[in-house]
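# Structural features, examined
Now for the letters of each chain:
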Amino acid sequence: MNRRPLLPSWLPVDGYVLALLGTVGLAALLPASGAAATAAESAATGVVALLFFLYGARLSTREALDGLRHWRLHLTVLGSTFLVFPLLGLAARGLVPGILTPQLYGGFLFLCLVPSTIQSSIAFTSIARGNVPAAICAGSFSSLAGIVLTPLLAAALLGGDTGGLSADAVLRIVLQLLAPFLLGQVLRRWVAGFLVRHKKVLGYVDRGSILLVVYTAFSQGMVAGIWHLVTPGRLALLLAAEAVLLALMLALTWYGAGRLGFGRADRIAIQFAGSKKSLAAGLPMASVLFGAHASLAVLPLMLFHQMQLMVCAVLAKRRARDPEATDGQTAGGEGVDGAAADGQADAGAARTAAPGRPDAPVPAPGRHPRTRPSPGRDRIAPPAPPR
């Protein structure tokens with residue numbers, strides 16, 4: 001007898017988000033204080049540098065540069081991530097103090113400054129039968145730009161609301177974020193093979209390091225007594241504001257890309273790469289930028305991350321069932337090999353939709369399953385015998 005899942009398959013709940021929430025609960029019950037807090041802060045500083053070294057060593061600059069021929073698409077994604085998002089974040093200042101507290105607004109604005117995510121943008125673009133190579137390059141460009149642009153935008157827009165960004169804070173940004181990332185890029189040719197061979201183990205290192213950063217940040221918030229500022233009602237209002245933000249970005253990237261003349265496959269890549277924010281990059285950055293105020297700063301990002309996964313999973317499957325997905329249009333967009341992109345999209349959709357279900361992927365053009373005629377069909381009946 002098959003057990004029914006607790007949640008429908010189209011409503012994904014990221015297990016890592018559950019781990020993050022568990023870490024927040026641990027920090028609420030057993031916050032680090034005194035000598036333990038000092039040790040946790042020192043360890044968090046080290047793992048943040050390690051994380052950005054690994055980001056630099058894994059990110060292929062060559063892949064990003066190979067996509068320069070699609071400069072219009074990449075500029076559109078960068079504009080969505082580092083221009084439109086921040087403008088909407090600034091407009092949300094009108095929600096203070098009626099809907100968002102000043103502290104939650106600082107986190108909401110920081111959310112708008114974080115670079116796009118790579119993995120989920122690629123996955124959802126593949127499911128929706130979009131331009132997968134363009135999504136890969138766009139995510140890489142966004143990550144590269146975010147190393148510099150996110151701290152600069154935070155310094156210009158956040159200011160005193162989050163404790164200020166002094167010369168000491170700028171130095172920490174350079175030493176903990178930029179320098180390790182550049183070192184990883186320099187050493188990539190020698191360490192890339194090791195990273196590939198030990199990808200699974202290093203994945204646990206990544207996730208464990210971020211959990212430590214979250215625990216340290218929320219412990220500082222508990223010790224400082226700032227969590228009395230967040231009530232269930234405020235959390236509900238924050239979720240509503242983030243839902244509006246995500247809906248606006250999904251609409252602007254889709255219809256805006258259409259007005260700019262992009263084809264369907266490129267519009268899908270722009271929508272999924274231009275409407276998302278990276279939790280893995282944002283959490284370590286927040287620990288450096290906000291210090292003791294990081295706990296409230298990362299809360300909006302954690303909630304937005306889960307929301308974008310749930311909404312985009314549903315949207316990607318609907319895009320895959322679009323009649324335009326099977327009208328013979330290639331997924332290559334502006335010069336990318338469409339056949340390769342279609343193959344990746346079909347593979348991704350096949351992994352996420354079970355056969356025989358209503359949300360199973362539509363066969364790609366030219367790949368329709370073979371059909372066999374039913375017995376007796378299309379046959380000429382023999383003449384009747386003479387009487």
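Read on for an overview of the structure. (Residues numbered from 1 in each chain as written. Predicted model: local features only at pLDDT ≥ 70, side-chain atom pairs only at ≥ 80, totals over all residues. Heavy atoms only, no water.)

## So, helix H11 (residues 232–259)
Its 28 residues place the ends of H11 40 Å apart at the C-alpha level, agreeing with the 40 Å of an ideal helix rising 1.5 Å per residue. Within the sequence span of H11, burial applies to Leu238, Ala241, Glu242, Leu245, Leu246, Met249, Leu250, Thr253, Trp254 and Ala257. Buried positions along H11 lie against helix H4 (71–91), helix H5 (102–111), helix H12 (264–274) and helix H14 (294–320). Looking one or two residues past H11, glycine 261 carries a phi angle of roughly 95 degrees, positive in sign. (Helix = DSSP H or I, 4+ residues; strand = E, 2+ residues; numbered from the N terminus. Expected span 1.5 Å × (residues − 1). Buried < 20%, exposed > 50% of the residue type's maximum accessible area, 1.4 Å probe, protein only. Contact = heavy atoms within 4.5 Å.)

## Brief notes about the pattern of salt bridges
Summed over all chains, the structure comprises 1 salt bridge. With a closest N to O distance of 2.4 Å, aspartate 206 and arginine 58 form a salt bridge. Linking aspartate 206 in helix H10 (residues 199–224) with arginine 58 in helix H2 (residues 35–58), this pair joins segments that are 148 residues apart in sequence. Given the relative accessible area of 11%, aspartate 206 is considered buried. Looking at arginine 58, the relative accessible area reads 31%, which means it is partly exposed. (Salt bridge = Lys/Arg side-chain N within 4 Å of Asp/Glu carboxyl O.)

## A word on the packing of H4 against H12
At a minimum axis separation of 9 Å, H4 and H12 run at an interaxial angle of 30 degrees. What the angle tells us is that H4 and H12 run roughly parallel. The two elements H4 and H12 cross, and the hand of that crossing is right-handed. Taking contact as the criterion, the partners of Leu73, Thr76, Val77, Ser80, Thr81 and Phe85 in H4 are, on H12, Asp266, Ile270, Ala273 and Gly274. Its residues placed into classes, the contact of H4 with H12 shows 5 nonpolar, 4 polar and 1 charged. (Axes fitted to C-alpha atoms, helices over the stretch in contact; angles between N-to-C directions. Parallel < 35°, antiparallel > 145°, perpendicular 65-115°, else oblique. Left-handed = near helix turned anticlockwise from the far one by under 90°. Nonpolar A, V, L, I, M, F, W, Y, C, P; charged D, E, K, R; others polar.)

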